[in-house]
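Okay, here's what each chain looks like letter by letter:
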Amino acid sequence: MKRFKNVFVLLILGAIAAMTLAGCKKREPADAYIKAELEKVQKGEYEKLDEMLNEVLEEDLDTNGVEDFPEELKEEYLTFLKEACGHIKYSVNEEKKQQNEYKVTVEIEPLDIRLTTTDPVNEYMNTAKAENLTEEMHEILKLSTEALASPVYSDKLTASFRLSYKDGTYTQKEDELLTAVKVMLVNASAPYVQADGSVNMKAYVKSCQDAMFKGDYTEYARQTGMTDEEAQKEIDEMYEQALPNDVDLTDEQETRYLTALKKIMANTIYEVGNIQQVDSSSYTAVINYTPNLALQKCFEDLLSNAESGKYSSEAQLIEGLLTLMEQHAETPVNGEPSQMTVNIIRNSSWEMQIDDSDSEELFMAMLPTQ
């Protein structure tokens, strides 16, 4: 019986001790809790990190006007952003008690992904074909991840957390952690936006050249937001402006002139090369071309024939011009390959376009008349 009493007493004392210990559990400081949460983000261990980074990415894409981010790139891009999280810099300040909650402020040095990755992305896009963005992005994300080894940070900012404490557990507003991550990762979509801009700008420049020289207006219409009919009308008006002003041509002669001119222009050889982003509202594009000497040869032959007395009237001169244009349209003569860099800028309507003077200079270089 005595033994039973001793066991019973020990059980009672153990229960009381357990109750006492449970009631005296020390509260972890709120700043230590926030630091632990941020370390989870930094190490890629936060439970909802993928969901959080996806929102960071989507918001930045929306800010940059990107509406069709390829779904097949999403996982790879989020992996890159997780790597970026490993380079975030912050300092957690001590908690402050405010009524029934704790406030913790965090000093953040935002990792600027655009400044960190812009050089390697530019260098790569200068040598890439820049035709299939999804394929190019695999290499771009690889280079961007390597660039994180030398991160660039912007000016410090502050994020705040408000936490309540009950039954040994902190409760925080989840959107506050999301806000902090948005501050930590600035310009999250930069590698894609930068490459996307280069690809789109290359397509735009090529569409301008194709519309002008090849008469192919489909992509030009898409790039400029025109209908096919509006684009074709613009091209037709361009050719009409090329008709001689000081010579009266019959309808038949105008048709022959324009038909020959279109053939000559279609024979021009060119390729859009490197696209370089200068700043947020301008690019440069390198145009590789082989001068089409058809019109130059045509006018040289016309002048030679006129000086030799071959044409005795204006009608014969006009016929001679049309005949020579038709001949040179069928037997193109090219000069030495060359290249020119053109500026792509925003016009008064805030639309991107090739600088007018550059466009005119390029046209005369590609299709010289003398």
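Residues numbered from 1 in each chain as written. Predicted model: local features only at pLDDT ≥ 70, side-chain atom pairs only at ≥ 80, totals over all residues. Heavy atoms only, no water.

## A closer look at the overall build of the chain
(1) Moving on: When helices and strands are counted, the chain shows 14 helices and eleven strands.
(2) Moving on: Taking 370 residues into account, the globule formula puts the C-alpha radius of gyration at 21 Å, and the chain, at 35 Å, lies well above it.
(3) Moving on: Its C-alpha atoms give the chain principal-axis dimensions of roughly 145 × 35 × 35 Å.
(4) Moving on: Put simply, the chain has 370 residues, and 39% of those count as buried.
(5) Moving on: A separation of at least 24 residues holds for 72% of the contacts in the chain among residues at least 6 apart in sequence.
(6) Moving on: Carbon and sulfur atoms provide 48% of the accessible area of the chain, an area that totals close to 21,300 Å².
(7) Moving on: Taking the average place of the 35 positive charges on the side chains of the chain and the average place of its 70 negative ones, the gap between the two points comes to 19 Å. (Helix = DSSP H or I, 4+ residues; strand = E, 2+ residues; numbered from the N terminus. Rg over C-alpha atoms; globule rule 2.2 N^0.38 Å. Buried < 20%, exposed > 50% of the residue type's maximum accessible area, 1.4 Å probe, protein only. Contact = heavy atoms within 4.5 Å. Areas by Shrake-Rupley, 256 points an atom, 1.4 Å probe, with all protein chains shown as cover. Lys, Arg positive; Asp, Glu negative; His and termini not counted. Charge placed at Lys NZ, Arg CZ, Asp CG, Glu CD.)

## Some points on a negative patch on the surface
(1) Moving on: Taken together, the side chains of Glu234, Asp236, Glu237 and Glu240 make up a negatively charged region of the molecular surface.
(2) Moving on: When you line up the elements, Asp236 lands in helix H10 (residues 228–241). (Patch = residues over 30% accessible without salt bridge, like charges linked within 9 Å, V, L, I, M, F, W, Y side chains within 5 Å. Salt bridge = Lys/Arg side-chain N within 4 Å of Asp/Glu carboxyl O.)

## Quick notes on the confidence of the model for the chain
(1) Moving on: With 91% of its residues at a pLDDT of at least 70, the chain reaches an overall mean of 87.
(2) Moving on: Scored below 50 in pLDDT, residues 7–23 shows zero contacts in the model against residues more than four places distant or in partner chains. (pLDDT = per-residue confidence, 0-100.)

## A word on the sheet that holds strand E11 (residues 352–354)
(1) Moving on: Pairing within the open sheet is antiparallel, and its four strands lie in the order E8-E9-E10-E11. Each edge of the open sheet is held by one strand with a lone partner, namely strand E8 (269–279) and E11. When the angles between neighbouring strand axes are averaged without regard to direction, this sheet yields 25 degrees.
(2) Moving on: With respect to the sheet, helix H8 (residues 190–214) is in contact with E8, strand E9 (282–290), strand E10 (338–346) and E11, its orientation differing from that of E8 by roughly 145 degrees. (Pairing = 2+ DSSP bridges. Axes fitted to C-alpha atoms, helices over the stretch in contact; angles between N-to-C directions.)

## What to know about the side chain of His328
(1) Moving on: Within the fold, His328 resides in helix H13 (residues 314–330).
(2) Moving on: At 3.1 Å, the side chain of His328 forms a polar contact with the side chain of Asp301.
(3) Moving on: When near neighbours in sequence (up to four residues on either side) are disregarded, His328 contacts Ile264, Ala294, Lys297, Cys298 and Asp301. (Polar contact = N/O pair within 3.5 Å; in protein donor to acceptor, adjacent residues only side chain to side chain.)

## Describing unusual backbone geometry
(1) Moving on: In the Ramachandran plot, Asp167 falls in the positive-phi region, its phi being about 55 degrees despite a non-glycine side chain.
(2) Moving on: Position of Asp167 among the secondary structure elements: in the loop between strand E5 (157–166) and strand E6 (169–172).

## So, the packing of aromatic side chains
(1) Moving on: All chains considered together, the criterion is met by eight aromatic pairs.
(2) Moving on: Taken together through their ring pairs, the aromatic side chains of Tyr33, Tyr102, Tyr165 and Tyr170 make up a single cluster.
(3) Moving on: The ring centre of Tyr153 lies 4.8 Å from the NZ or CZ of Lys89, which sits over that ring.
(4) Moving on: The ring of Tyr239 carries Lys262 above its face, with NZ or CZ at 5.2 Å from the centroid. (Phe/Tyr/Trp six-rings, centres within 6.5 Å; stacked < 30°, edge-to-face > 60°. Lys NZ or Arg CZ within 6 Å of the ring centre and 35° of its normal.)

## Describing the pattern of salt bridges
(1) Moving on: In this structure the tally under the stated criterion is twelve salt bridges.
(2) Moving on: The partner of Lys182 in a salt bridge is Glu59, and the shortest N-O contact between them spans 2.6 Å. Of this pair, Lys182 sits in helix H7 (residues 174–184) while Glu59 is found in helix H3 (residues 49–63), placing the two residues 123 residues apart along the sequence.
(3) Moving on: On the basis of relative accessible area, Lys182 is assigned to the partly exposed category, the value being 25%.
(4) Moving on: In this structure, Glu176 and Arg162 form a salt bridge, with 3.2 Å as the shortest nitrogen-oxygen distance. One end of the pair, Glu176, is in helix H7; the other, Arg162, is in strand E5, and 14 residues separate them in sequence.
(5) Moving on: Sharing partners across several salt bridges, the network here consists of Arg256, Glu319 and Glu326.

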